[in-house]
Amino acid sequence: MLQKLVSRALARNLSCLIVPGPEVALAHGLDVTAAGLRIATTPRDASVLLIVGDLPGKMGDAVAVLYAQMPRPRAILMVGGQTPSTLSGDDISSDLSQEDLTEAVGQLKRALADGAFTDSPEDFDASVMHARIEYVCPMHPEVVEDEPGSCPKCGMDLVAREAGESTPDGGSDHEHHEDHEHHGHEHEHCHDQEHQSHHEHQSHHEHQSHHGHHEHHDGHDQDHGHDHDHDHNNEHQPEHAPENAGTEYTCPMHPEIVRDEPGSCPKCGMDLVVRESDDHSEHEHSGHDHGEHDHGEHDHGGHDHEGHDHGSSGFMSMIEVTKDLPRSADGLQMDWLEVPFGPVFPGLPGGLKLTLTLDGDGVTEGQAISLVGVTSKGDNVEESEEMDAETFIAYLSAAIPLAPVSYRLLACLAIEQAAGLEDDSANAGARTGALERERIASHLGWLAQLGRQLGFAWLTQRASTLQLQVREANRDSLAALEPALRTLGTRLERTPLLKSRLMGVGILPTESSGLRGPVASAANEGGDAWARLWQRLAEISASLDLIKSGAEPELPVLRDVGDVSGTGEATVDTPRGEARLSLKLERGHVKSYELDTACSHHIGLVPKLVEGQELGDALLAVGSLDLSPWEVTS
């Protein structure tokens, strides 16, 4: 009875993680909250994995990892597409409409209420969840094998590691022997060393990776549990170093490594540095006159040797230890972390993978790639029997869910030009109205994303509601929504701290080229996130004016082109900037095409935009570009 009550309570309060992201659901006109689901930002807080539309193959692994992190009971709801192959299947599926989504959520709630406490839940497994093991030689990291064995160079046993990991630090008997050979001098000091491991990090300069850090105790506090034979010329001579040797080389991180020739450290791979003989070979007793020294006053069982330079036994200053580490903006040398954000991350568009190298909470470099981008070129696409003109239009508009009307219009214009048709003046007003309506909806979608990133729940809720209302509104409805849209702009202008949060963030480099759309227009007004916000608000007002003075917005429809052949080219000012399409038509089929989009250029701004920024500002700067990963061509 208790289980039944708990099951019903769980089913009434379902939270979902939306993949690729909430912005895609909104672009398809789906109100997830109205359907009875609460939107979660992490898989740990979600009981439903809501997948909207078909996902490109590169997103399959990410989806499997997200699902594996979700607590039980959990379910998969597939809307308007096929379940990725990395998942075992969906629990409920529906068509891509609000009505179908609401019905599917009802079915899901009933199913979870009945099966939340099933006795034998099925385990989930996917190949992406398994790490590939490879075997590497500790002394020769270039030797990597798929199976256990011995190194063909030195005969040492290969050590297991996950593919992609750094080479393990030493650990072999051979290396252990080398590390201790040089302690065979007359004073066999027992140095206690604390080992603190560090992660391996990268920088955009040619910095070396450090795998270990040794803190050495000051030699003045060392315990000498041996007979202290005071010899005026007592030398600390490594056994493996030749007598009266000249220059010696040691590792800055592992001073016990001493060589007669330049080379690299067998432990960490760092270049060996010159060790001055007068600093490291002689055990000086400065301040003691051994000729008149009263040895009877020496407590050899564990006294402090004032004036003894025990730093020669291996003590390294922090300046020497950190001298090869990357230097931070504040002058400190620190290890750097490479951290991925996405392809499903709150505040960033789904399908975008952002990788930042962090120096503390600062960003030293960054790179963004798309996992869902459309193909920029298509050759011999007419070999598919179904790739006629209409099919190509449907393909291109479906491939870019955040701006389907813009790319549907772009394909229609290019095909009609290839067919030799004149400009369609009769339908131009309706096509322009549909394009401007999508521009308003798209900018509202960006505002909702900005609200998620800043933690402004009111902005996310208000912008999302308006986006759903605008998406298919007619001219009169849009005119009725104009006061609400202008009120939103006024509230943003009066929002405390919003201006200070955005102004000065994401300033475009002066040498930036290839800018288009709102990003290009805002570059003349300061070029930061605050300018891009107001540029999009200004475009919303301009689009409303165009719609009010034009024809009723209508979805672009291809005119009859027959079985003609030819080449065509078209340009459309999409919500994110100018997109160009050129194609070749043969007997009514698209033979080849080439696509150029604004986001393909804007994604290249990310490295310069994030470099030297605090982490929060870097993420905000990337978000302010309004990148659509679907429009990043590959």
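Note that the coordinates shown come from a computational prediction; the quantities given were computed from them, not determined experimentally.

Another point: the pairing of strand β19 (residues 577–586). Where strand β18 (residues 566–574) meets β19, nine bridges bridge the pair, whose relative direction is antiparallel. For threonine 574, the partnering residue across the bridge sits in β19 and is glycine 577. Across seven bridges, β19 lies against strand β20 (residues 589–596) in antiparallel orientation. Residue pairing for β20: leucine 581 is matched across the bridge by leucine 595. Hairpin connection of β19 to β20: two residues between the antiparallel strands, including arginine 587 at a positive phi of 50°.

Time to look at the packing of aromatic side chains. Across all of its chains, the model carries five aromatic pairs by this definition. Seen from their ring centres, tryptophan 530 and tryptophan 534 are 5.8 Å apart, and the 70° between their planes marks the pair as edge-to-face. Of this pair, tryptophan 530 and tryptophan 534 both sit in helix α15 (residues 529–549), four residues apart, which is roughly one turn of that helix. Residue tryptophan 534 is classed as partly exposed on the basis of its relative accessible area of 28%.

Of the volumes computed, that of the largest pocket is approximately 960 Å³. Looking at the lining of the largest pocket, the elements that each hand over two or more residues are α2 (22–27), α8 (389–399), α9 (404–418), α10 (425–454) and α18 (615–624). Per element, the largest residue contribution to the lining of the largest pocket is 10 residues, and it comes from α10. Partitioning the lining of the largest pocket into residue classes produces 21 nonpolar, 12 polar and nine charged. The space that makes up the second largest pocket amounts to roughly 730 Å³. Around the second largest pocket sit 39 residues that line it, and Ile18, Pro22, Ile39, Arg452 and Thr460 are the ones nearest its centre. At the level of elements, β1 (15–19), α2, β2 (38–39), α10 and α11 (457–470) are the ones that each hand at least two residues to the lining of the second largest pocket. Considering every element that reaches the lining of the second largest pocket, the biggest residue donor is α11, with six residues. Split by residue class, the lining of the second largest pocket holds 22 nonpolar, 13 polar and four charged.

A few words now on the pattern of salt bridges. Summed over the entire model, instances satisfying the criterion amount to 18 salt bridges. One salt bridge connects aspartate 596 with arginine 516, and the closest N-O pair in it is separated by 2.6 Å. Taken as a pair, aspartate 596 in strand β20 and arginine 516 in the loop between α13 (498–502) and α14 (517–523) lie far apart in primary sequence, 80 residues in all. Owing to a relative accessible area of 23%, aspartate 596 belongs among the partly exposed residues under this scheme. We classify arginine 516 as buried; its relative accessible area is 10%. In this structure, aspartate 626 engages arginine 576 in a salt bridge whose closest nitrogen and oxygen atoms are separated by 3.5 Å.

Side chains that are three or four residues apart share a direction in an α-helix, a result of its 3.6 residues per turn. By the burial criterion, the buried members of helix α3 (residues 60–69) are Gly60, Ala62, Val63, Ala64, Leu66 and Tyr67. In the core, the buried residues of α3 are packed alongside β1, β3 (48–52) and β4 (75–79).

Attention now goes to the sheet that holds β2. Hydrogen bonds between backbone atoms are what pair the strands of a sheet, whose relative direction is either parallel or antiparallel. Strand order in this open sheet of five strands is β2-β1-β3-β4-β5, and the pairing throughout is parallel. Edge strands, defined here as strands with exactly one partner in the open sheet, are β2 and β5 (92–94). Summarising the sheet, β3 and β4 pair through five bridges and their orientation is parallel. Residue valine 48 lies in a different strand from β4, and its bridge partner there is alanine 75.

Spatially, the three strands line up as an open sheet ordered β12-β11-β13, and their pairing is antiparallel. Strand pairing shows two members of the sheet lacking a second neighbour, β12 (258–259) and β13 (273–275), which therefore form its edges. Two strands pair when backbone bridges link them, and strand β11 (residues 248–250) and β12 are joined in this way by two bridges, in the antiparallel orientation. Bridge pairing in β12 links tyrosine 249 to arginine 259.

A separate point is α18. Counting buried positions along α18 gives seven out of 10 residues, so the element sits mostly inside the fold. Where α18 ends, the next residue or the one after it, aspartate 626, has phi of about 55°, a positive value.

What counts, and at which threshold
- Residues numbered from 1 in each chain as written.
- Predicted model: local features only at pLDDT ≥ 70, side-chain atom pairs only at ≥ 80, totals over all residues.
- Heavy atoms only, no water.
- Pairing = 2+ DSSP bridges.
- Helix = DSSP H or I, 4+ residues; strand = E, 2+ residues; numbered from the N terminus.
- Phe/Tyr/Trp six-rings, centres within 6.5 Å; stacked < 30°, edge-to-face > 60°.
- Buried < 20%, exposed > 50% of the residue type's maximum accessible area, 1.4 Å probe, protein only.
- 1 Å grid on protein atoms, 1.4 Å probe; cavity = no way out; pocket = protein on both sides within 12 Å on 5 of 7 lines; lining within 4 Å.
- Points joined across faces, edges and corners; volume = space filled by probe spheres on them.
- Nonpolar A, V, L, I, M, F, W, Y, C, P; charged D, E, K, R; others polar.
- Salt bridge = Lys/Arg side-chain N within 4 Å of Asp/Glu carboxyl O.
- Contact = heavy atoms within 4.5 Å.

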